[in-house]
Amino acid sequence: MIDLATLRREREWFEERLRSRGSTLDLSRFDEIDTERRRRITEVEALKRKRNETSKEIGKRKAKGEDISAIASEMKKLSATIKELEEKVKELDQQLYDFLALIPNPPHESVPIGEGEEDNPVVRTWGAPREFDFEPKSHDELGRSLDILDFERASKLSGSRFVVYKGLGARLERALICFMLDLHTGKHGYTEVLPPVLVTSDTMYGSGQLPKFKDELYLCERDGLYLIPTAEVPLVNLHRDETLKEDQLPLYYTAYTPCFRREAGSHGKDVKGIIRQHQFNKVELVKFTTPESSYEELEKLLRDAEEVLQLLELPYRVVELCTGDLGFSAAKTYDIEVWVPSQNRYREISSCSNCEDFQARRAGIRYKPKEGGKSRYLHTLNGSGLAVGRTLLAILENYQQEDGSVVIPEALRQYMGTDKIAP
RNA sequence: GGAGAGGUGGCCGAGCGGCUGAAGGCACUCGCCUGCUAAGCGAGGAUACGGGAAGACCGUAUCGAGGGUUCGAAUCCCUCCCUCUCCGCCA
């Protein structure tokens, strides 16, 4: 959510920034609602003032035993008028909110201008794709031949875009989760959280999934609960409607959760293998910081996520999302992309964003500055650390041997209890 | 799911139709004071929105949420949500 006062004050800047994202929002509509709303508020508040004053007057007169029937019936009319006007104001409030809720976060000045994925500059590349002296198989082929991924039975259970992990496949997924959590809690100073995966609509609004991305979410209608598409949702909302103290900041949280996405708009995309699933596991990183330190913290968060791939010795690169490719709530985003041999390209495995105060404003998360004064909205950051299924996929493909077996990366062996998965 | 109790400011806790934005206490902030790891005295204070050059000032709203009754509601009525206790069910 962007700030109403700032939008009024810095109209041009907003329009320019939003245009850079490719947003085609018509702000003249905003002006209409805003002006009308303010007019009505002034109007109704003047009447309420009168009502309050008269009410007190009636109380006094009644105490003296005077007749109040005339003035009371006049008040009745006044109250009716107020009620009507209030309804109008309420309606305008809703319209204004609906409008603001659909405005994306304006990109940070440092974000490169561009229209889409192809305009994202590469920030750095780590490791080199392995040269295979045989034809590398895809992870789903490997998964089948090693009997660790079962797509057929998954579709029997749940339909398309689900997978059953089996044997050392399940073990590998679990090993990765433990490995990532241990790294982030042990070395990077994050607090581990195991949150609910079913949350209310308020929670979804708080982190920006609603109202815009309703179609992407699974909803349990009878209870009004949504399945989270990422642990970012419960983690960011952990401090919803709270005012923290500055010396509590920064807060670092990490959580492993399954994530649920309907993938409504991606029919036909990534249909093979486990790249794009309705349910997948992810270890998420979330930070609450002061506005002054959030960009520094973003770089650190990115490094924390990168370190997972470095320790697993998987080649990757970091790209910076251009204005046109930025997500709704983010002011700046880096994607980490891991090398996928069967596709001969890098694929997203993590997305690290600074949302600045966009989510904090929606969710009402503030902090009290050390030097005193008014509380301010803090900044929220989030990043995958990492998407577990995609990491597993990258391991299968990058570590495959000519005989069809897969070597377990050094860092995972203590979790796996074996150094390879053989057919 | 059944029965009961309850949700008031940062916290505790009064209020049960007008004089209550809300007693009192604690915590907090600022002065004063006491020469000592504490106490005393005085003062202050919430958030959002609207008007406004203004963090001045004025107004409106906010006592779990939403409706209703009333000239007027923290106070009365209805619905919902949440917490606690007991029972039932259950990993």
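None of the values given here were measured: they were computed from a predicted structure.

Regarding the overall build of chain A
Of regular secondary structure, chain A possesses 13 helices and 18 strands. Across its three principal axes, chain A shows a C-alpha extent of roughly 100 × 45 × 40 Å. For chain A, the residues scored as buried account for 52% of the 423 residues in total. When contacts within chain A are restricted to residue pairs at least 6 apart in sequence, long-range pairs at least 24 apart make up 74% of them. Surface exposure of chain A reaches about 20700 Å², of which carbon and sulfur atoms provide 47%. Across chain A, 64 positive and 73 negative side-chain charges occur, with their mean positions spaced 6 Å apart.

Quick notes on the nonpolar core
Of all hydrophobic cores here, the largest spans 52 residues; its most connected members are Leu 172, Leu 176, Leu 312, Ile 395 and Leu 412. With 8 residues, helix 7 (residues 168–186) is the largest single contributor of residues to this core. Ignoring sequence-local partners within four residues, the contact set of Leu 172 consists of Leu 392, Ile 395, Leu 396, Leu 412, Met 416 and Ile 421. Listed in part, the 17 residues of the second largest apolar core include Ile 2, Leu 27, Ile 103 and Phe 328.

Describing the environment of Ile 82
Looking at where Ile 82 falls in the secondary structure, it is placed in helix 4 (residues 69–101). Judged by its relative accessible area of 1%, Ile 82 is buried. With 79 residues separating them along the chain, Ile 82 and Asp 3 place their C-alpha atoms 28 Å apart. Leaving out residues up to four positions away in the same chain, Ile 82 has contacts with Val 44, Leu 47, Lys 48 and Arg 51.

A closer look at the sheet that holds strand 1 (residues 122–126)
The strand order 1-11-12-13-16-10-9-4 describes an open sheet built from 8 strands, whose pairing is mixed. Where the open sheet ends on each side, the last strands, each with one partner, are strand 1 and strand 4 (191–193). With direction set aside, neighbouring strand axes in the sheet form an average angle of 25°. With 7 bridges connecting them, strand 10 (residues 279–289) and strand 16 (residues 379–387) associate as antiparallel partners. Directly across from Phe 288, in strand 16, lies its bridge partner Thr 380. Packed onto the sheet, helix 7 meets strand 4, strand 9 (251–260), strand 10 and strand 16 and runs at close to 5° relative to strand 10. Where helix 12 (residues 388–398) meets the sheet, it contacts strand 10, strand 12 (332–340), strand 13 (345–354) and strand 16, and its direction lies at approximately 35° from that of strand 16.

Some points on the pairing of strand 12
For strand 12, the buried fraction is high: 9 of the 9 residues fall into the buried class. The pairing of strand 11 (residues 316–320) with strand 12 spans 5 bridges and is antiparallel. For Tyr 316, the partnering residue across the bridge sits in strand 12 and is Val 338. Judged from the 9 bridges that link them, strand 12 and strand 13 form a sheet pairing that is antiparallel. When the sheet's bridge partners are listed, Glu 337 is paired in strand 13 with Glu 348. Connecting the antiparallel pair strand 12 and strand 13 is a turn made up of 4 residues, with Asn 344 showing a positive phi of about 55°.

What to know about a negative patch on the surface
Residues Glu 115, Glu 117, Glu 118, Asp 119 and Glu 348 make up a contiguous surface patch of negative charge. Along the polypeptide, Glu 118 turns up in the loop between helix 4 and strand 1. Under the relative-accessibility criterion, Glu 118 is labelled exposed at 65%.

Topic: the protein's contact with RNA strand B
Neighbouring residues of RNA strand B: 21 residues in total, closest Arg 8, Glu 45, Ser 55, Met 75 and Lys 90. In RNA strand B, atoms within 4 Å of the protein come from the sugar-phosphate backbone in 75% of cases. In this structure, Glu 45 approaches RNA strand B through a side-chain N or O atom, which is 2.9 Å from a base nitrogen. Between a phosphate oxygen of RNA strand B and a side-chain N or O atom of Asn 52, the distance comes to 3.3 Å. At the level of elements, helix 3 (27–64) and helix 4 are the ones that each hand at least two residues to the surface near RNA strand B. Top contributing element to the surface near RNA strand B by residue count: helix 3, with 12 residues. Considered class by class, the residues forming the surface near RNA strand B number 4 nonpolar, 5 polar and 12 charged.

Considerations on the packing of aromatic side chains
Counted according to the given criterion, the structure contains 10 aromatic pairs. An angle of 15° between the planes, with centres 5.6 Å apart, marks the rings of Trp 126 and Tyr 316 as stacked. Of this pair, Trp 126 sits in strand 1 while Tyr 316 sits in strand 11; the two residues are 190 residues apart in sequence, bridging distant segments of the chain. Arranged with centres 5.5 Å apart and planes meeting at 80°, the rings of Phe 328 and Phe 358 form a pair that is edge-to-face.

So, the environment of Asp 304
Mapped onto the elements of the fold, Asp 304 is located in helix 10 (residues 294–311). You can call Asp 304 buried: its relative accessible area is 10%. On a C-alpha basis, the gap between Asp 304 and Leu 285 in space is 9.0 Å, while along the polypeptide they are 19 residues apart. Here Tyr 190 takes part through its side chain, which lies 2.8 Å from a polar atom of the side chain of Asp 304.

Quick look at helix 4
For helix 4, built from 33 residues, the straight-helix expectation of 48 Å at 1.5 Å per residue is met to within 8% by its first-to-last C-alpha distance of 47 Å. Along helix 4, the residues classified as buried are Ile 71, Met 75, Leu 78, Ile 82, Leu 85, Val 89, Leu 92, Leu 96, Phe 99, Leu 100 and Ala 101. The inward-facing, buried residues of helix 4 contact helix 1 (4–9), helix 3 and helix 11 (358–363).

Cut-off values and rules
Residues numbered from 1 in each chain as written. Chains lettered and ligands numbered in written order. Predicted model: local features only at pLDDT ≥ 70, side-chain atom pairs only at ≥ 80, totals over all residues. Heavy atoms only, no water. Helix = DSSP H or I, 4+ residues; strand = E, 2+ residues; numbered from the N terminus. Buried < 20%, exposed > 50% of the residue type's maximum accessible area, 1.4 Å probe, protein only. Contact = heavy atoms within 4.5 Å. Areas by Shrake-Rupley, 256 points an atom, 1.4 Å probe, with all protein chains shown as cover. Lys, Arg positive; Asp, Glu negative; His and termini not counted. Charge placed at Lys NZ, Arg CZ, Asp CG, Glu CD. Core = buried A, V, L, I, M, F, W, Y, C linked by side-chain atoms within 4.5 Å. Pairing = 2+ DSSP bridges. Axes fitted to C-alpha atoms, helices over the stretch in contact; angles between N-to-C directions. Patch = residues over 30% accessible without salt bridge, like charges linked within 9 Å, V, L, I, M, F, W, Y side chains within 5 Å. Salt bridge = Lys/Arg side-chain N within 4 Å of Asp/Glu carboxyl O. Near = heavy atom within 4 Å. Polar contact = N/O pair within 3.5 Å; in protein donor to acceptor, adjacent residues only side chain to side chain. Nonpolar A, V, L, I, M, F, W, Y, C, P; charged D, E, K, R; others polar. Phe/Tyr/Trp six-rings, centres within 6.5 Å; stacked < 30°, edge-to-face > 60°. Expected span 1.5 Å × (residues − 1).

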